[in-house]
Amino acid sequence: MENNLPSHKSMEAEKDFFESFDLERFWYVLKRSKFWLVGFVILTTSLAYVYVRYTKPVYNSESIIKLEFESEANVLGLVEVVNTQERNEISGEIELIKSRLFLSRVAESAKMDVSYHVYGRYLTDERYKNSPFRVSYKIHDPIYFNRPFDIEFGAEDSFKLTFIKGGEETSQTYNFGDEIQTDGFNLLIERTENFDSSDDNRYFFIISSRDALISTLQENLNVIPENFNAKTIKVSYSDHNKYKARDLVDLIDSLYLDYTREVKNVAIEQKIQFLNSQIESTEKKLSEYEDYFEEFTIENRTTNLGEDLNRTIEQLALLDSQRYFLKKSMNDFNLIHKQVNAKGAIAVNPFLMEQLPKSLTESITEYSKLQQERELKLASYNETSYIIEQIDTKLDKSKNLLVDLLETYEETLEDRMAQVDRRRNILENNLTQMPSMGTEYGKNRRFYELQEEFMLSLQTSKMELEITRAGTVTKNVVLSPASLPSIPVKPQKVLIIGAGLMIGLVISVVYLLIRYLAHNKVAGVRELERLVKVPVLGAIPHYKKESLSHTSLVVKKDSKSSLSEALRTIRTNMDFIHSSAGSKTISVTSTISGEGKTFVAANLGAIIAMTGQKVCVVDIDMRKPKVHLAFGGVSSKDGVSTILSGKSKLKSSIQETPIKDLHFVGAGPTPPNPSELLLQSEFNDMLEGLRKIYDVVILDTPPVGLVTDGRLVMKYCDIQLYIVRADYSKRSFIKVINDLKGTGQFPNMTTILNSIDSTPGYGYGYGYGYGYYTEDESKTKRVASSIKNLF
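Residues numbered from 1 in each chain as written. Predicted model: local features only at pLDDT ≥ 70, side-chain atom pairs only at ≥ 80, totals over all residues. Heavy atoms only, no water.

1. Side note on the side chain of glutamine 720
With respect to the secondary-structure elements, glutamine 720 resides in strand β20 (residues 719-725). A polar atom in the side chain of glutamine 720 sits 3.1 Å from the backbone oxygen of methionine 714. Excluding residues that lie within four positions of it along the chain, glutamine 720 makes contacts with Ser587, Met714, Phe746, Asn748, Met749 and Thr750. (Helix = DSSP H or I, 4+ residues; strand = E, 2+ residues; numbered from the N terminus. Polar contact = N/O pair within 3.5 Å; in protein donor to acceptor, adjacent residues only side chain to side chain. Contact = heavy atoms within 4.5 Å.)

Right under this line is the structure:
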């Protein structure tokens, strides 16, 4: 119960705050600062508007991707482990998308290394996919990356290219479609379908390096978790061109899905790469074996060594048979040759006769017939007979022919025997090599068949993996594709202009509070009443009808003004302070000069004189006299100083004014000792003389804050008026008033607030204001009655 009640100290602090806060002073400072306050608000709001107006809008395109992760912890039912793992994996995927490795793929696929811009009146605009020209380039010097190249279209197909070379601006005119060759770069600039020959805009393009593109992507890309429970992330990209922002988000999404698919196929790709290497190695070995078989076939003219071995054995047997037959034939021919040489009968094997050449057979037959004929003739004839000799002659011819034929045929048989021997040697040599060749050939054939089987299995495995790879589908999916923004995210017009307005208001409030706290001058009647310990007799509004270079009698010029009305009120209020009959002596002083004591003394005297009372205003401020200025006169040689020093008489020093019954006594020449003169009895005598002549004597004294003359004079007066000027007199001056009141020597001491703002409702602590004045006695009585209640 006690805790709910405010403490005594807090209530006192709150009370002190409200008591210390001067609302009148605050409104005074507010009124004086209103133009500054409005100016601050207008200035900050205008700056905010200018910022919004001349800041390039930034658009933000967004997409949402749903992620799927596989974890063995799901099988085990470890929910906390799964949640933690999924959060870590989501964070990992976000960092992957924002990494330079991934963004390098985006930069390569985006093909945005050349950006095209147009100069506006104040800003530049990127011509994304609608540039009137297209640039192909080859940079030799990296210094030309990331710097603008200006283009200005000329007549027909020409244009002027401007760029910085060696720190100096270089311009040259070229034609579209012509290659531009320099030491630092090669350019080819061509027109597009968006080209307009009447376009007089100035363009520029920038060739960005790969690092600059990646840095730009990193700077403008933002990836954040959208919903951890749903495992979704938001991919957003900001750019001055909304279409470019959307295209880049689309590209990032598609490349990310492709990347996740590639990650899933990493093991498959590695297997396929291994199979490709094995297939390549196996193909190489098979090719070597095929080359071996081809060379073997060309060299040995066969691919079946078993058959060749049998055929070789058969050929050797055949050659042995031929050799035997040839050997036997050669023996038979030797026998025939011997028989022929012996001139005996020839005995020839009939089988041999069948194989001999026909000419040799006929020759042997003919020789044998002649031999037989000779034997038959010898039975009838002797050897010397003519017939026998003819037969011998024929025998000799037949013998010679037969011998020639036999020798020729023997040579033929020897040649055939040599050929058979050579072939037999070759076959015998091949026969000895065939087992080792067959072994090597068979081994290579077996290896070749094994490699073929291995090759078939590799290709089968590769085909299965490629089918698996083609069927791989990522579980990540784009839930919301990239949006085309219609409203820029920067600058936020309403927010910035509102912020500018609020900043202006805050600055205005701070400025107002600073001026309020720094305002050490009295501002209004309520403030004066709260500070002083004496009654506030009234407030005199500031005279605004004309600028016064010195003290002037303004009530005569405008007797119905609010200022005149205020002085009449003060005149009435003084009757309540000192209502005794007889002459009244009134002192008018202030803390320092410039607070309007002479102005109040002169005009108050005029207002009192207008009631028919005789009034005299005496200028006691002998150091700085001003009363004579108020009445339009000049400083006289006779005055207070001469009266007090005995150099002149009182009557001769009194001067008339334009107002009836109002006179004044000037200060006279400035004496060296004004204070001492006031202490003399002559001063009291002068006052007594004035009281006898006038109903009211008003003494314009020197400022009490500067000299002591004023305090000396105030002791002789019935009413002491202390003038405080609004927005001029410092609050510290109030201490002087309170100190004077504290002495107890001035019971009828009052204050008047001079030169306050005459705005109705401000500066008046009594609930009334000054307007058009009319001599209405009933109104005067009501005002006087309200003032009387204060005392």
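The structure having been displayed, the exposition proceeds.
2. Digging into the sheet that holds strand β1 (residues 59-66)
The 4 strands are arranged β11-β12-β1-β13 in an open sheet whose pairing can be described as antiparallel. Taken across any chain shown, the strands that pair with only one partner, and hence form the sheet edges, are β11 (221-227) and β13 (477-480). In this sheet, adjacent strand axes meet at a mean angle of 35° when their direction is disregarded. (Pairing = 2+ DSSP bridges. Axes fitted to C-alpha atoms, helices over the stretch in contact; angles between N-to-C directions.)

3. Re the pattern of salt bridges
For the structure shown, the criterion picks out 17 salt bridges. Close ionic contact of lysine 234 with glutamate 62 constitutes a salt bridge, the shortest N to O distance being 3.9 Å. On the criterion of sequence distance, the pair formed by lysine 234 in strand β12 (residues 232-239) and glutamate 62 in strand β1 is long-range, its members being 172 residues apart. Ionic contacts of the salt-bridge type, sharing partners, join the residues Glu62, Glu226 and Lys234 into one network. (Salt bridge = Lys/Arg side-chain N within 4 Å of Asp/Glu carboxyl O.)

4. Points about helix α18 (residues 597-609)
Between its terminal C-alpha atoms α18 stretches 18 Å, which fits the 18 Å expected from 13 residues at 1.5 Å a residue. When you tally the buried positions in α18, you get 13 out of 13 residues, the bulk of the element. (Expected span 1.5 Å × (residues − 1). Buried < 20%, exposed > 50% of the residue type's maximum accessible area, 1.4 Å probe, protein only.)

5. What to know about the packing of helix α6 (residues 100-110) against helix α7 (residues 210-220)
It is the contact of α6 with α7, at a shortest axis distance of 9 Å, that shows an interaxial angle of 110°. The pairing of α6 with α7 is recorded here as roughly perpendicular in orientation. Crossing of α6 over α7 shows right-handed handedness. Every residue of α7 that contacts α6 at Arg100, Leu103, Ser104, Val106, Ala107 and Glu108 is listed here: Arg210, Asp211, Leu213, Ile214, Ser215, Leu217 and Gln218. Counted by class, the contact of α6 with α7 contains 6 nonpolar, 3 polar and 4 charged residues. (Parallel < 35°, antiparallel > 145°, perpendicular 65-115°, else oblique. Left-handed = near helix turned anticlockwise from the far one by under 90°. Nonpolar A, V, L, I, M, F, W, Y, C, P; charged D, E, K, R; others polar.)

6. Quick look at the pairing of strand β5 (residues 148-153)
As paired strands, β5 and strand β10 (residues 202-207) are joined by 5 bridges and run antiparallel to one another. Pairing of glutamate 152 across the sheet is with arginine 202, part of β10. Turn length for the β5-strand β6 (residues 158-165) hairpin, with the two strands adjacent in sequence and antiparallel, is 4 residues, and the turn residue glutamate 156 shows positive phi of about 55°.

7. Regarding the packing of aromatic side chains
Here the structure, examined in full by the defined rule, presents 28 aromatic pairs. Where phenylalanine 683 meets tyrosine 716, the ring centres are 5.2 Å apart and the plane angle is 75°; that geometry is what we call edge-to-face. One end of the pair, phenylalanine 683, is in helix α23 (residues 681-693); the other, tyrosine 716, is in the loop between α24 (709-714) and β20, with 33 residues separating them in the sequence. Given a relative accessible area of 30%, tyrosine 716 falls into the partly exposed group. Here the basic side chain of arginine 87 rests over the ring of phenylalanine 228, its NZ or CZ set 4.4 Å away from the ring centre. The ring of tyrosine 728 has arginine 725 sitting right over it, with the charged end atom 4.9 Å from the ring centre. (Phe/Tyr/Trp six-rings, centres within 6.5 Å; stacked < 30°, edge-to-face > 60°. Lys NZ or Arg CZ within 6 Å of the ring centre and 35° of its normal.)

8. Notes on the nonpolar core
Side chains of a nonpolar character, in soluble globular proteins, are inclined to be buried together. Core analysis: the biggest nonpolar cluster contains 36 residues, and Ile698 and Leu721 have the highest contact counts within it. Examining the composition of this core, we find that 9 residues originate from one element, α18, more than from any other. With residues up to four places along the chain from it excluded, the contact list for isoleucine 698 reads Ile586, Val588, Ala601, Leu604, Gly605, Ile608, Val615, Cys616, Val617 and Val618. The next biggest cluster of nonpolar side chains, apart from the first, holds 31 residues, and it includes Ile65, Leu96, Ile97 and Met112. (Core = buried A, V, L, I, M, F, W, Y, C linked by side-chain atoms within 4.5 Å.)

9. Remarks on the packing of helix α2 (residues 23-32) against helix α14 (residues 493-518)
Remark: α2 packs on α14, axes separated minimally by 10 Å, with the N-to-C direction vectors making an angle of 125°. Our classification of the angle between α2 and α14 gives oblique. The crossing of α2 and α14 is right-handed. Contacts between α2 and α14 involve Arg25, Phe26, Val29, Leu30 and Arg32 from the first element and Leu512, Arg515, Tyr516 and Leu517 from the second. Looking at the contact of α2 with α14, its residues break down into 6 nonpolar, no polar and 3 charged.

10. Concerning unusual backbone geometry
Across the junction of lysine 490 and proline 491, the peptide omega takes the value -15°, indicating a cis bond. Inspection of the secondary structure puts proline 491 in the loop between β13 and α14. The backbone phi angle of asparagine 146 is positive, close to 60°, even though this residue is not glycine.

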